[in-house]
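Observations on chain architecture
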Amino acid sequence: MAELPQAVRGFGVTFATIFKKVVTEQYPEQAAKFPPKPRYHGRHQLNRWADGLEKCIGCELCAWACPADAIFVQGADNQEGDRHSPGERYGRVYQINYLRCIFCGLCIEACPTRALTMTNEFELADNNRADLIYEKQDLLTPLLPGMLAPPHEMVPGTTDTDYYANKITGAVPEQAVQVDAEQVAP
Amino acid sequence: MGLEEALPSGVLLTTVEKVAGYARKGSLWPATFGLACCAIEMMASGGARYDLARFGMEVFRASPRQADLMIVAGRVSQKMAPVLRQVYDQMPGPKWVLAMGVCASSGGMFNNYAIVQGVDHVVPVDIYLPGCPPRPEMLIDAILKLHDQIQDTKLGVNRKAEIRALESAALTAPATLEMKGLLR
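Quick word on the pairing of strand β2 (residues 69-73) of chain B
All names here are of chain B. Along β2, five of the five residues are buried, which leaves the element largely enclosed by surrounding structure. The pairing of strand β1 (residues 30-31) with β2 spans two bridges and is classified as parallel. Across the sheet, Pro 30 pairs through a bridge with Leu 69, a residue of β2. Two strands pair when backbone bridges link them, and β2 and strand β3 (residues 96-100) are joined in this way by five bridges, in the parallel orientation. Bridge pairing in β3 links Ala 73 to Met 100.

Have a look at this one:
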């Protein structure tokens with residue numbers, strides 16, 4: 001059998017490609033089929049304890065660890081009747097500038113209470129700079145069932161050490177009474 | 001845009017706007033303007049796996065005269081800024097700018113004298129994309145958000161009124177220095 005001409009043999013590659021698997025990810029349409037890896041560094045979130053109190057203690061270690069100076073934290077003291085986290089202090093102001101953040105995760109390593117972790121969310125693009133500075137209310141996780149929105153007191157009979165030892169399983173009725181009273185008062 | 005200006009703004013113009021928006025977003029050709037590591041992700045977006053050709057954007061034009069969108073991919077040094085502006089000026093309107101990555105958007109981690117702290121000091125930016133570098137999905141997401149913006153762009157007299165309203169709003173808006181409150 002005579003050799004096929006080079007030009008015709010070249011089409012063999014084209015023909016064989018028809019039977020190959022398509023590598024294109026149909027991103028917006030089938031985004032769920034191609035999720036990022038579980039440990040992907042996406043948008044941050046501020047976690048809560050099981051009763052709804054915030055884990056952030058306003059220590060600013062994340063801001064100090066940040067190589068891009070993207071995080072701004074201002075702590076404040078927990079007052080009687082105005083408690084946001086167990087222990088002495090909480091993060092009153094928490095801002096992450098996503099136009100500076102490089103998603104390196106050093107803030108997560110620095111956090112002593114695992115208050116700051118990262119999600120897999122990455123669709124952050126926006127048309128102005130101000131909206132890309134995420135405030136505390138944008139970063140806090142939503143309240144799960146069994147959680148109460150702070151400010152409220154700690155679970156009666158416990159200290160902050162019990163919180164850090166992860167002994168709190170959920171909000172108790174006494175805390176709910178406090179939250180209701182605060183909502184009625186002003 | 002002679003016809004639209006002669007007509008009163010109404011049903012006809014809004015239909016024309018929709019058609020024009022659809023045509024504009026359907027063949028948005030980016031200019032090749034990769035400056036740093038973000039350009040690698042931009043090239044990956046154009047490749048087979050992410051395939052920007054699905055949105056009619058596979059042709060990265062080497063000439064700004066044939067481009068509609070400038071994807072500023074990477075940090076812009078002070079020395080590059082006039083070049084960036086020249087490339088932008090050479091693009092024919094309507095044109096859009098996408099600041100890809102934190103360096104182009106705000107200077108990112110390079111908060112120093114060598115880097116322009118955000119390309120919006122040099123050119124008007126339509127969409128900011130965080131990430132260092134953003135993955136191709138993030139770029140595609142930003143592009144799709146820009147497509148929505150382009151689809152809603154007005155034409156003729158409506159566009160002029162829109163520009164006037166935006167100008168006056170920008171003039172009365174407080175400068176960053178005058179902003180009070182928690183924003184640093």
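Points about the interface of chain B and chain A
Where interface size is quoted, it is often the accessible area lost as the parts come together. At the interface, 36 residues of chain B touch 35 residues of chain A. At the boundary of chain B with chain A, total buried surface from both sides reaches about 2,900 Å², with 58% on carbon and sulfur atoms. Remark: the boundary between chain B and chain A carries three salt bridges. Arg54(B) serves as the salt-bridge partner of Glu29(A), at 3.7 Å between the closest nitrogen and oxygen.

As for the environment of Tyr163(A)
All names here are of chain A. With respect to the helices and strands, Tyr 163 occurs in helix α5 (residues 160-164). Residues Tyr 163 and Ala 50, spaced 113 residues apart in sequence, show a C-alpha to C-alpha distance of 9.1 Å. Once residues within four sequence positions are removed from consideration, Tyr 163 is found in contact with Trp 49, Asp 51, Leu 53, Pro 86, Met 154, Val 155, Thr 158, Ile 168 and Gln 175.

What counts as what
- Residues numbered from 1 in each chain as written.
- Chains lettered and ligands numbered in written order.
- Predicted model: local features only at pLDDT ≥ 70, side-chain atom pairs only at ≥ 80, totals over all residues.
- Heavy atoms only, no water.
- Buried < 20%, exposed > 50% of the residue type's maximum accessible area, 1.4 Å probe, protein only.
- Helix = DSSP H or I, 4+ residues; strand = E, 2+ residues; numbered from the N terminus.
- Pairing = 2+ DSSP bridges.
- Contact = heavy atoms within 4.5 Å.
- Buried area = accessible area lost by both parts, 1.4 Å probe.
- Salt bridge = Lys/Arg side-chain N within 4 Å of Asp/Glu carboxyl O.

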